[in-house]
Amino acid sequence: MLQPKKVKHRKWHKRTGTGVETRGTELAFGAYGLKALEGAWVTARQIEASRRAITRYIQRGGKVWIRIFPDKPVTRKPPEVTLGGGKGAVDHYVAPVRPGRILFEMDGVTRESAAEAMRLAAHKLPIKTRFIEK
């Protein structure tokens, strides 16, 4: 799973992810892509599940680029712990995604197989997506 090697600050504030994406909205590497239509936090596990679905379907043919990286830490307190005692420990990492962001790109496969692979990957994600091509 993806996660940062080293971070400057171990725990972050939550922050609200409003607005639309301005960076990473165009295809830069491949001919086909998966674009986010909603905003959400995509966890490292969801990114990895999507990546596995894509590579399993195309059977290691073509090339896949992951355009998001989970670098935002999310903290959790243990179950049945009362309030107080500070912020919880880092539980997992997420990638904040805003509408318009390209999540995955792919090249070296036919349009039909790319569309099906992206459809399978989209089922693993918590947001609505759209298949795009150059």
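Everything below is about the structure shown above.
In this text the structure is predicted, and so the values were computed from the model without any measurement.

Participant: Give me the packing of aromatic side chains: which residues, what numbers.
Facilitator: One pass over the full model with this rule turns up two aromatic pairs. Look at Tyr32 and Phe131: their rings are 5.8 Å apart centre to centre, the planes differ by 15°, and that puts the pair in the stacked class. Highlighted residues: Tyr32 in strand 1 (residues 32–36) and Phe131 in strand 7 (residues 129–133), separated in sequence by 99 residues. Among the residues examined, Phe131 registers a relative accessible area of 24% and is labelled partly exposed.

Participant: Which residues make up the pairing of strand 5 (residues 89–97), and what values do they have?
Facilitator: Where strand 2 (residues 40–43) and strand 5 come together, four bridges link them in antiparallel fashion. Pairing of Trp41 across the sheet is with Pro96, part of strand 5. In this sheet, strand 5 lies alongside strand 4 (residues 72–76) in antiparallel orientation, the contact comprising five bridges. Each bridged residue has a counterpart across the sheet, and for Val74 the counterpart in strand 5 is His92.

Participant: Explain the nonpolar core to me, using residue names and the numbers behind them.
Facilitator: With 21 residues, the main nonpolar core has Ile54, Leu103, Phe104 and Met106 as its most contacted residues. Within the residue set of this core, elements represented by two or more residues are strand 1, helix 1 (44–58), strand 5, strand 6 (102–107) and helix 2 (111–122). With five residues, the top contributor of residues to this core is helix 2. Ignoring sequence-local partners within four residues, the contact set of Leu103 consists of Leu34, Ala36, Trp65, Ile66, Arg67, Ile68, Val97, Leu125, Ile127 and Thr129.

Participant: So what's going on with the sheet that holds strand 4? Which residues, and what values?
Facilitator: Read from one edge to the other, the open sheet built from three strands follows the order 2-5-4, with strand pairing classed as antiparallel. Two strands lie at the open edges of the sheet, namely strand 2 and strand 4, each paired on one side alone. Pairs of neighbouring strands in the sheet enclose a mean axial angle of 50°, with direction left out of account. Seen against the sheet, helix 1 touches strand 2 and strand 5 and runs at an angle of roughly 65° to strand 2.

Participant: Can you break down the pattern of salt bridges residue by residue, with the values?
Facilitator: Going through the model one piece at a time under the given rule, you end up with eight salt bridges. Residue Arg111 is joined to Glu133 by a salt bridge in which the shortest nitrogen-to-oxygen separation is 2.8 Å. Taken together, the residues span a long stretch of sequence, with Arg111 in helix 2 and Glu133 in strand 7 at a distance of 22 residues. Its relative accessible area of 38% is what places Glu133 among the partly exposed residues.

The rules behind each value
- Residues numbered from 1 in each chain as written.
- Predicted model: local features only at pLDDT ≥ 70, side-chain atom pairs only at ≥ 80, totals over all residues.
- Heavy atoms only, no water.
- Phe/Tyr/Trp six-rings, centres within 6.5 Å; stacked < 30°, edge-to-face > 60°.
- Helix = DSSP H or I, 4+ residues; strand = E, 2+ residues; numbered from the N terminus.
- Buried < 20%, exposed > 50% of the residue type's maximum accessible area, 1.4 Å probe, protein only.
- Pairing = 2+ DSSP bridges.
- Core = buried A, V, L, I, M, F, W, Y, C linked by side-chain atoms within 4.5 Å.
- Contact = heavy atoms within 4.5 Å.
- Axes fitted to C-alpha atoms, helices over the stretch in contact; angles between N-to-C directions.
- Salt bridge = Lys/Arg side-chain N within 4 Å of Asp/Glu carboxyl O.

So yeah, pure geometry; function would need other evidence.
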